[in-house]
Amino acid sequence: MRTDALEIDRFYRGRRGRAARDMALRRLLALWPDAPQLDLLGYGFAGPYLEPYRGTARRAVAYMPDVQGAVPWPEDREAKNACALGEEIRLPFAEAQFDRIILAHALEEAGDHGRLLRELWRVLAPEGRMVIVVAHRAGAWSRADDTPFGHGRPFSRRQLTRLLDDALFEPVAWARALYAPPWGWSTRERIADGFEKAGERLWPPFGGLILVEAVKHVGAVRPAGATAPARRKALEGATSPALSPGRPRDRADPD
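Residues numbered from 1 in each chain as written. Predicted model: local features only at pLDDT ≥ 70, side-chain atom pairs only at ≥ 80, totals over all residues. Heavy atoms only, no water.

By the naming in an unreviewed UniProt entry, the protein is Methyltransferase type 11, taken from Marinicauda salina.

Written as structure tokens, this is what we have:
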């Protein structure tokens, strides 16, 4: 059973949630500074991470699984609601409809990781990019069960690589974030910033979150078990085959 959307929403309205969002966004925005005229999908509870792209994306949709529930997104009351609620695995979108996808609070509590990733592969455009924000198995936040990151299954880099390879995604960039412990005082803005800078230098493998950017493989092969027939829809804009640079593997990574 997934963590309720209202509980996740309350978390992000608090100090620890704001710190988690800010630290992850720092990494995400380094990869994707903007999304000029692209179609974005946020899956799970991704509204906090979609927000910076509302001004430049052609459209952005926050999709929340029905077993989790949903909250309106964006929060701006003057903006049209762009949140959809539906089945966890079968997404109500055409093939190749999105240029980029952001997953947050998604894989940790998914019932079937492989089927979910194959369905996301289906709705992502050829050479499209996906970023997964997930609790890190070696980080302190995966043990904090009073936060959404302490629910479900955390992941290591090796586990994510295996899942992505099986779903015909190629991991091209990795980052870790959220080195501050999951305590109230340590997530104050200045203290959290200090932990982030120290963690990146002194204990880089132990961030609370892993972010991975992956590219959709294209070609004649289609992932086994994809849940919808081919119904390709032409995108109005072309997606660059290299929206952000790949990074070499960190040989010191214990995962």
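Once you've had a look at it, read on.
Moving on, we come to the overall build of the protein. Within the protein, the secondary structure is distributed over six helices and seven strands. The linear arrangement of helices and strands in the protein, starting from the amino end, is α-α-β-α-β-β-β-α-β-α-β-α-β. When the 255 residues of the protein are sorted by exposure, 55% land in the buried category. Considering only residue pairs separated by 6 or more positions, the protein has 72% of its internal contacts joining residues 24 or more positions apart. Element-wise, carbon and sulfur atoms account for 51% of the exposed surface of the protein, whose accessible area totals about 11700 Å². (Helix = DSSP H or I, 4+ residues; strand = E, 2+ residues; numbered from the N terminus. Buried < 20%, exposed > 50% of the residue type's maximum accessible area, 1.4 Å probe, protein only. Contact = heavy atoms within 4.5 Å. Areas by Shrake-Rupley, 256 points an atom, 1.4 Å probe, with all protein chains shown as cover.)

The subject of this paragraph is the sheet that holds strand 6 (residues 169–177). With respect to topology, seven strands assemble into an open sheet ordered 3-2-1-4-5-7-6, the strand pairing being mixed. The two strands at the open ends of the sheet, each matched to only one other strand, are strand 3 (83–86) and strand 6. Each strand axis lies, on average, 20 degrees off the axis of its neighbour in the sheet, ignoring direction. Looking at chain direction, strand 1 (residues 39–44) and strand 4 (residues 98–104) are connected through five bridges and run parallel. Residue pairing in the sheet places L41 in a bridge with I101 of strand 4. Across the face of the sheet, helix 5 (residues 157–166) comes into contact with strand 5 (124–135), strand 6 and strand 7 (209–216) while running at roughly 155 degrees to strand 6. (Pairing = 2+ DSSP bridges. Axes fitted to C-alpha atoms, helices over the stretch in contact; angles between N-to-C directions.)

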